[in-house]
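# Report on the structure
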Amino acid sequence: MQQVGLVGSGFMAATHANSYQHIPDAEVTAVASLDESRDAFVEEHVPEADVYADAEEMMDAADVSVVDVCTPTPSHRPLVEAAAERGLDVFCEKPMARTLEEAAAVIDATERTGVTFMTGHVLRYFPEYAEAKRRIDAGEIGAPGTLRAERLSSPPAHGSDNWYSDKERSGGVLFDMAIHDFDFLRWVAGDVERVFTRSAEWENGLLKQHAVVLLRFEDGPIGHVEASWAYPEDTPFTTAYEFAGDEGSLEFDTREDDSLRVPGGAGEAHIPRSPLATDPYTRELDHFIACVEGGADPDITPEDAYEAIRIAVAAVESAESGEPVYLSEVGA
Amino acid sequence: MSARIGICSAAHLHADSYAACLDGLEGAEFVGVTAEGDEVERTKEKTDEYGTDFYAPDELLARVDGVVVCSTNADHGDWVERAAAAGVDVLCEKPLAPSVTEARAMVEVCESAGVHLGVAMPLRFCQPVRNAKAALDDGALGDVRFLSGTNRGRMPGEWFTDPERAGGGAVVDHTVHIVDAVRWLTGEDVREVYAEIDTRFHDVPVEDCNLLSMELSDGTSFVLDGSWSKPDRWETWGDATLRLVGTDGVVSVNCFGQTIKQTRDTGDAGIRSVYWGSNPDEGLVRDFVDAVAEGRPPLKTGADALDDVAVVEAAYESAERGEPVAVESTAERLRRPERTP
């Protein structure tokens, strides 16, 4: 049985807190958050847990064996280091870090201490993506030619202190949104040789940004990753893909998923959102807890998380320089 | 009086649709078809389907006021030149030519002969595109900052994969429709292109992957996937889509999104989507026929198409050099002072 100390009290912390309720081998015993909403958060999601304002104090004083980091990106490194130094296993939300230097420090801390560590590239646990990966691996589309992925949303308004709108902290859509698809496509098609980015951004109280990254994989396929925080408020979060190879293609679009619709919104608040028996976040955390319990290495390695950041760094450099950027020139 | 119209070569399959649009069109008389060389046989075979007659080239050109040229890309220039010499207006299948040099020669020959040259850009007559233009012109999107389009298809085979007759592959075939639509919608030209192209779907001597990342003259980003990436057994021929992201809103257009899902156990068995939306070719052919009758240029002129062809040329250059390439618009070229030797 693992005692989880959750760090953060925002949207993702709530998602994880709810997921742990479905994982028999884990319970959230403590929550630490700088935000004053922490008491209300605990009251609503994990009423049995102890509340802390300081994460390190929680690590020292609370009954925790695992730390789950659901905080703004720049705080990932110090929090993972603090947990690792105390011998606590760590789960960290994506992106693993804001910069490659921070990412390297995270890897160093977790390897040096030998703790179990995993980054939340949750897309790998979305069945519609995992199934595509399985079919591509089985050769069902033949050799991949073009791999397109879209992730479209209104700008996130739920971040504390509007941190998503601060590119210094969040990295913008390329670090926060496109990184999901960078990791997934690298999982499917291997390492990336070069990227070329177009990005448009403007302010409207929140950072609005729309970007497309063309990727050339070392094995030859061409990727198109489109990420947006430019959609109007209340637009349903949309993801889509089209993976085409020389023997067929796979297409998915959330806008076409009609498995559960509630016309007029009647009683919507009382209807579970995910039309899956086990939602992807629960599958992700369940795998991590199983690794902690059994001593196995998690499917998503620190190197995977590092490489996803390297692609994002290259994509941002390309957007700024207007030139293609080769991954061999980025922090390798 | 009716405008008398002919079709020069049915080598391009779009001839079938234009012929169907001409059939019984008010104000138009569909006189006949012509072709030369190894396109004669295919074109002659079509006369029954089209309900029209086959003539030798000069004979047809003597009987018409306007022609639609649906030959291979490489032969566009010859047909346009012959039509111009006969004083006949031309609607040319896209792309106008594989290179800017050839395209410019076609524009010049028509100008000096005093005939109008148009290019077949049906998306300007696609109703969803027109609705998007209305939203744009109305300011509903604020400032447009990003455009993302697709124009995919199956690998078309035949002469389309012959570098000599087509002038290239997917870049030549599937770049200009959306580029023209974007230029028409925004009033901006493409000033830079970065291209990732390759041959990965089929064993053909031309590229079938065509992903372009562009910038418009006002700095707006514009990306386009014009690959032949649709499997042979896909539900229809391909797609044409465009997403316009503005500071005040987003509009997404799927030009051929109005479809019925048809399943047949017998006959032409299988599952396919059947388009039921308004046919943009009808507007295209209507505009050309009216232009011929009124002695005005069609909505999309050959001169305007030079800037589309320049994007195609720049895309190949970018892929060759592995870097973004500047596109010089016709307007910029004309403003540039001639260099003295």
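Residues numbered from 1 in each chain as written. Chains lettered and ligands numbered in written order. Predicted model: local features only at pLDDT ≥ 70, side-chain atom pairs only at ≥ 80, totals over all residues. Heavy atoms only, no water.

## Here's the deal with the overall build of chain B
- Looking only at helices and strands, one finds 13 helices and 15 strands in chain B.
- Over its C-alpha atoms chain B spans a radius of gyration of 20 Å, differing by no more than 12% from the 20 Å that the globule rule assigns to 341 residues.
- Considered along the principal axes of its C-alpha atoms, chain B spans approximately 70 × 50 × 45 Å.
- Each of the 341 residues in chain B was classed as buried or not, and the buried ones make up 55%.
- In chain B, the share of contacts with a sequence separation of at least 24, taken over all contacts with a separation of at least 6, comes to 69%.
- Counting every atom, chain B has about 14200 Å² of accessible surface; 44% of that belongs to carbon and sulfur.
- On chain B, the mean spot of the 32 positive side-chain charges and the mean spot of the 63 negative ones are 3 Å from each other. (Helix = DSSP H or I, 4+ residues; strand = E, 2+ residues; numbered from the N terminus. Rg over C-alpha atoms; globule rule 2.2 N^0.38 Å. Buried < 20%, exposed > 50% of the residue type's maximum accessible area, 1.4 Å probe, protein only. Contact = heavy atoms within 4.5 Å. Areas by Shrake-Rupley, 256 points an atom, 1.4 Å probe, with all protein chains shown as cover. Lys, Arg positive; Asp, Glu negative; His and termini not counted. Charge placed at Lys NZ, Arg CZ, Asp CG, Glu CD.)

## Structural notes on the domain arrangement of chain A
Residue and element names in this part refer to chain A.
- In terms of domains, chain A is made up of domain 1 (2–120) and domain 2 (124–295 + 302–329).
- Here the C-alpha centroids of domain 1 and domain 2 sit 23 Å apart.
- Domain 1 puts 38 residues into the contact, and the matching count from domain 2 is 32 residues.
- Between domain 1 and domain 2 the total buried area reaches about 2900 Å² when both faces are included, carbon and sulfur atoms providing 72% of it.
- Our enumeration of links across domain 1 and domain 2 arrives at 1 salt bridge.
- With a shortest N-O distance of 3.7 Å, D176 and K94 are connected by a salt bridge.
- Of all elements in the fold, only strand 1 (2–7), helix 1 (11–20), strand 4 (66–69), strand 5 (89–93), helix 5 (100–113) and strand 6 (117–120) reach the threshold of two or more residues within the side of domain 1 that touches domain 2.
- Class assignment of the residues belonging to the side of domain 1 that touches domain 2 gives a composition of 20 nonpolar, 10 polar and 8 charged. (Domains from an automatic or database assignment. Buried area = accessible area lost by both parts, 1.4 Å probe. Salt bridge = Lys/Arg side-chain N within 4 Å of Asp/Glu carboxyl O. Nonpolar A, V, L, I, M, F, W, Y, C, P; charged D, E, K, R; others polar.)

## As for the sheet that holds strand 3 (residues 50–52) of chain A
Residue and element names in this part refer to chain A.
- As summarised here, the arrangement of the 6 strands in space is 3-2-1-4-5-6, forming an open sheet in which the pairing is parallel. Every interior strand has two partners, whereas the edge strands, strand 3 and strand 6, have only one. Along the sheet, successive strands turn relative to each other by an average axial angle of 25°, direction set aside.
- Examined bridge by bridge, strand 2 (residues 26–32) and strand 3 share 3 bridges and lie parallel to one another. Its bridge partner being in strand 3, V31 is matched across the sheet by V51.
- The strands touched by helix 4 (residues 76–85) are strand 1, strand 4, strand 5 and strand 6; relative to strand 5, the strand with the most contacts, the crossing angle is about 170°. (Pairing = 2+ DSSP bridges. Axes fitted to C-alpha atoms, helices over the stretch in contact; angles between N-to-C directions.)

## Side note on the pairing of strand 8 (residues 190–198) of chain B
All names here are of chain B.
- Pairing of strand 8 with strand 9 (residues 209–216) involves 8 bridges; the strand directions are antiparallel. Across the sheet, the residue bridging to E192 is E215, located in strand 9.
- As paired strands, strand 8 and strand 15 (residues 325–326) are joined by 2 bridges and run antiparallel to one another. Looking at strand 15, one finds that V193 is bridged to V325.

## Examining the sheet that holds strand 12 (residues 250–254) of chain B
Residues and elements named next belong to chain B.
- The strand order across the open sheet built from 7 strands is 12-11-7-10-9-8-15, with neighbouring strands paired in mixed fashion. Both edges of this open sheet fall to strand 12 and strand 15, since each of them pairs with a single strand only.
- Alignment of strand 9 against strand 10 (residues 221–225), held across 5 bridges, turns out to be antiparallel. Residue E215 lies in a different strand from strand 10, and its bridge partner there is S221.
- Where helix 7 (residues 127–137) meets the sheet, it contacts strand 7 (144–150), strand 11 (241–246) and strand 12, and its direction lies at approximately 165° from that of strand 12.
- Where helix 12 (residues 302–321) meets the sheet, its contacts fall on strand 8, strand 9 and strand 15, and the angle it forms with strand 8 comes to roughly 55°.

## Some words on helix 9 (residues 178–189) of chain A
All names here are of chain A.
- Between its first and last C-alpha atoms helix 9 spans 16 Å; for 12 residues at 1.5 Å apiece the expected length is 16 Å, and the two agree.
- Among the 12 residues in helix 9, 11 count as buried, and that is most of the element.
- Taken residue by residue, helix 9 has A178, I179, H180, D181, F182, D183, F184, L185, R186, V188 and A189 as its buried positions. (Expected span 1.5 Å × (residues − 1).)

## Regarding the packing of helix 1 of chain A against helix 10 (residues 280–294) of chain A
All names here are of chain A.
- Close contact between helix 1 and helix 10 brings their axes to 9 Å; oriented N to C, the two are set at 65°. In terms of orientation, helix 1 and helix 10 fall into the roughly perpendicular class. The crossing of helix 1 and helix 10 is right-handed. Packed against helix 1, whose contacting residues are M12, T15, H16, S19 and Y20, the element helix 10 presents Y281, T282, E284, L285 and I289 at the interface.
- Of the residues assigned to the contact of helix 1 with helix 10, the class counts are 5 nonpolar, 4 polar and 1 charged. (Parallel < 35°, antiparallel > 145°, perpendicular 65-115°, else oblique. Left-handed = near helix turned anticlockwise from the far one by under 90°.)

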